[in-house]
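Structural characterization, general
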Amino acid sequence: MKRIFSGVQPTGNLHLGNYLGAIRNWVHLQDEFEDCLFCVVDLHAITVWQEPKDLVANTREVAAAMIAAGIDPKRNVIFNQSQVSAHAELAWIFNCVARLGWLDRMTQFKEKAGKDKERASVGLYAYPNLMAADILAYKATHVPVGEDQKQHLELVRDIAQKFNHDYGQEFFPQVEPLIFGTATRVMSLKDGSSKMSKSDSSDNSRINMTDDIDGIARKIKKAKTDPEPLPSEAQGLDGRPEAANLVGIYAALADTDVEAVLGEFGGQGFGAFKPALADLAVSKLSPVQDEMRRLMDDVAHVDNVLHAGAERANDLAASILEEVQDLVGFLRP
Ligand code: AMP
Ligand code: TRP
């Protein structure tokens, strides 16, 4: 059986990278896979400080974005992580399966903890174990994510393998990452060598899903570029990270590829390309944003979706967790 699981953190500033690299791809998956779970991972969010009021609002915002993008809450399970206790319970067991040496190699921890890792939370360090629990609590087989999560998914496979080995049963599946689309790594608008991120201190580095039309156009106009015209072939983008990023965004929004975009704009300068990109971005994002706003004004509806999703998720995870507890040797009623 094939089952999809993926998650987004409700840490605010949901951006174009999250949309093009993750949420939008999930919309297509719901037609291909019968069984999809999409989770707002609030337990992951608090690995760095979140104002409680903001966390509630951001949880609803991510859920609204999923629904607005076209993920159907009736056909899929949309929920927030903290409502299903199996995630935290299984994560503890995985804390005892994963090795320190494995976690020491995680580049995202190094990036997020920065120089002062003594002051990072223990949760931030153990984060990938919780991610393994998210996926394996449902024995999910396929996990759609952006490039940045590849290493974490390798760790999930290691954890599943060690658990199966230690407890002598092929219990957990080996999960397959699904990294697809033209925008697996959308870069900052200010620096083509760092990825677009919720936590970048410069708001101009990203297009937020809550930005209005003028904001989107302004940020694209101000995006860093180089003085050269666009090349006619993809190779010509080598060594031009900012140009490559904008062309990649255009291709993703237009549902085409980089070659086709260069076929149209090759030889033209950014003076012509940026306004075209701004128009395209506004026309593609506005409908989703309008629906997001409508949903965020209907808090009761969003909360109901999350609650109903959590009940379904709970049903799925409970029996798997019981089997794990039996394998581990936990006495149960
Ligand atoms: P996060 O913002 O870390 O909660 O990420 C949620 C999802 O968006 C994950 O699948 C990430 O891989 C994806 N994602 C985050 N940032 C980017 C980006 N700049 N480009 C493409 N995908 C991204
Ligand atoms: N770590 C992911 C991110 O930061 C979010 C996430 C948490 C996730 N649990 C997951 C993604 C399980 C896929 C599957 O983007």
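Residues numbered from 1 in each chain as written. Chains lettered and ligands numbered in written order. Predicted model: local features only at pLDDT ≥ 70, side-chain atom pairs only at ≥ 80, totals over all residues. Heavy atoms only, no water.

Considering the overall build of the protein
Per the secondary structure count, the protein includes 13 helices and five strands. Rg of the C-alpha trace for the protein: 21 Å, near the compact-globule value of 20 Å for 333 residues, within the 12% margin. Along the longest, intermediate and shortest principal axes, the C-alpha atoms of the protein span 70 × 45 × 40 Å. A burial count over the protein gives 51% of its 333 residues as buried. Counted over contacts in the protein with a minimum sequence separation of 6, partners at least 24 positions apart contribute 76%. Just so you have it, the protein exposes about 15,500 Å², and 51% of that area is on carbon and sulfur atoms. The positive charge centre, built from 35 side chains, and the negative charge centre, built from 48, are 4 Å apart in the protein. (Helix = DSSP H or I, 4+ residues; strand = E, 2+ residues; numbered from the N terminus. Rg over C-alpha atoms; globule rule 2.2 N^0.38 Å. Buried < 20%, exposed > 50% of the residue type's maximum accessible area, 1.4 Å probe, protein only. Contact = heavy atoms within 4.5 Å. Areas by Shrake-Rupley, 256 points an atom, 1.4 Å probe, with all protein chains shown as cover. Lys, Arg positive; Asp, Glu negative; His and termini not counted. Charge placed at Lys NZ, Arg CZ, Asp CG, Glu CD.)

Let's talk about the site of ligand 1
Ligand 1 sits among 19 residues. The nearest are Asn 18, Gly 146, Asp 148, Val 186 and Lys 198. Note that a nitrogen atom of ligand 1 is positioned 3.3 Å from one of the backbone N or O atoms of Gly 17. At 2.8 Å from an oxygen atom of ligand 1 is found a main-chain nitrogen or oxygen belonging to Gly 146. For ligand 1, the protein covers 93% of the area, taking 480 Å² as the surface of the free molecule. Counting residues per element, the ones that place at least two in the shell around ligand 1 are strand 1 (4–8) and helix 1 (16–32). Ranked by residues supplied to the shell around ligand 1, first place goes to helix 1 with four residues. (Near = heavy atom within 4 Å. Polar contact = N/O pair within 3.5 Å; in protein donor to acceptor, adjacent residues only side chain to side chain.)

Concerning the packing of helix 10 (residues 241–253) against helix 11 (residues 258–265)
Contact geometry of helix 10 with helix 11 gives a least axis separation of 9 Å together with a crossing angle of 105 degrees. When the interaxial angle is binned, helix 10 and helix 11 end up roughly perpendicular. Between helix 10, through Val 247, Gly 248, Tyr 250 and Ala 251, and helix 11, the contact on the second element is made entirely by Val 258, Val 261, Leu 262, Glu 264 and Phe 265. Across the contact of helix 10 with helix 11, the residue classes break down as seven nonpolar, one polar and one charged. (Axes fitted to C-alpha atoms, helices over the stretch in contact; angles between N-to-C directions. Parallel < 35°, antiparallel > 145°, perpendicular 65-115°, else oblique. Nonpolar A, V, L, I, M, F, W, Y, C, P; charged D, E, K, R; others polar.)

Comments concerning helix 3 (residues 52–69)
Between its first and last C-alpha, helix 3 extends 26 Å over 18 residues, near the 26 Å set by a 1.5 Å rise per residue. Just beyond helix 3, the residue with positive phi is Gly 70, at close to 120 degrees. (Expected span 1.5 Å × (residues − 1).)

Details of the side chain of Lys 198
By the element assignment, Lys 198 lies in the loop between strand 5 (176–178) and helix 9 (213–222). No salt bridge is formed by the buried Lys 198; its nearest oppositely charged neighbour, Glu 61, is found at 8.3 Å. Ignoring sequence-local partners within four residues, the contact set of Lys 198 consists of Val 8, Gln 9, Thr 11, Gly 12, Asn 13, Leu 14, His 15, Asn 18 and Arg 206. (Salt bridge = Lys/Arg side-chain N within 4 Å of Asp/Glu carboxyl O.)

Digging into the nonpolar core
Where a protein is soluble and globular, its nonpolar side chains tend to be buried together. Counting residues in hydrophobic clusters, the biggest one holds 62 residues, and the most contacted among them are Leu 20, Trp 26, Met 66, Leu 253 and Phe 273. At 11 residues, the largest contribution of residues to this core is made by helix 12 (residues 270–296). In terms of domain composition, this core takes at least three residues from each of domain 1 (4–184 + 299–328) and domain 2 (203–294). When residues no more than four places from it in sequence are discounted, the contact partners of Leu 20 are Asn 25, Ala 183, Val 186, Ile 249, Ala 252 and Leu 253. Counting residues in hydrophobic clusters, the runner-up holds 48 residues, among them Ala 86, Leu 90, Tyr 127 and Leu 136. (Core = buried A, V, L, I, M, F, W, Y, C linked by side-chain atoms within 4.5 Å. Domains from an automatic or database assignment.)

So, the domain arrangement of the protein
The domain boundaries assigned to the protein delineate domain 1 (4–184 + 299–328) and domain 2 (203–294). Taking the mean C-alpha position of each, domain 1 and domain 2 sit 29 Å from one another. The interface of domain 1 with domain 2 comprises 14 residues on the first partner and 16 residues on the second. Interface of domain 1 and domain 2: buried area, both sides summed, is about 1,300 Å²; carbon and sulfur atoms make up 71% of it. Our count for the contact surface shared by domain 1 and domain 2 stands at one salt bridge. Here Arg 24 ties to Asp 255 by a salt bridge, and the two come within 3.9 Å at their closest N and O atoms. Connecting domain 1 to domain 2 are three residue pairs in polar contact (both at pLDDT 80 or more). For the side of domain 1 that touches domain 2, the secondary-structure elements that each account for two or more residues are helix 1 and helix 3. Broken down by class, the residue content of the side of domain 1 that touches domain 2 amounts to nine nonpolar, three polar and two charged. (Buried area = accessible area lost by both parts, 1.4 Å probe.)

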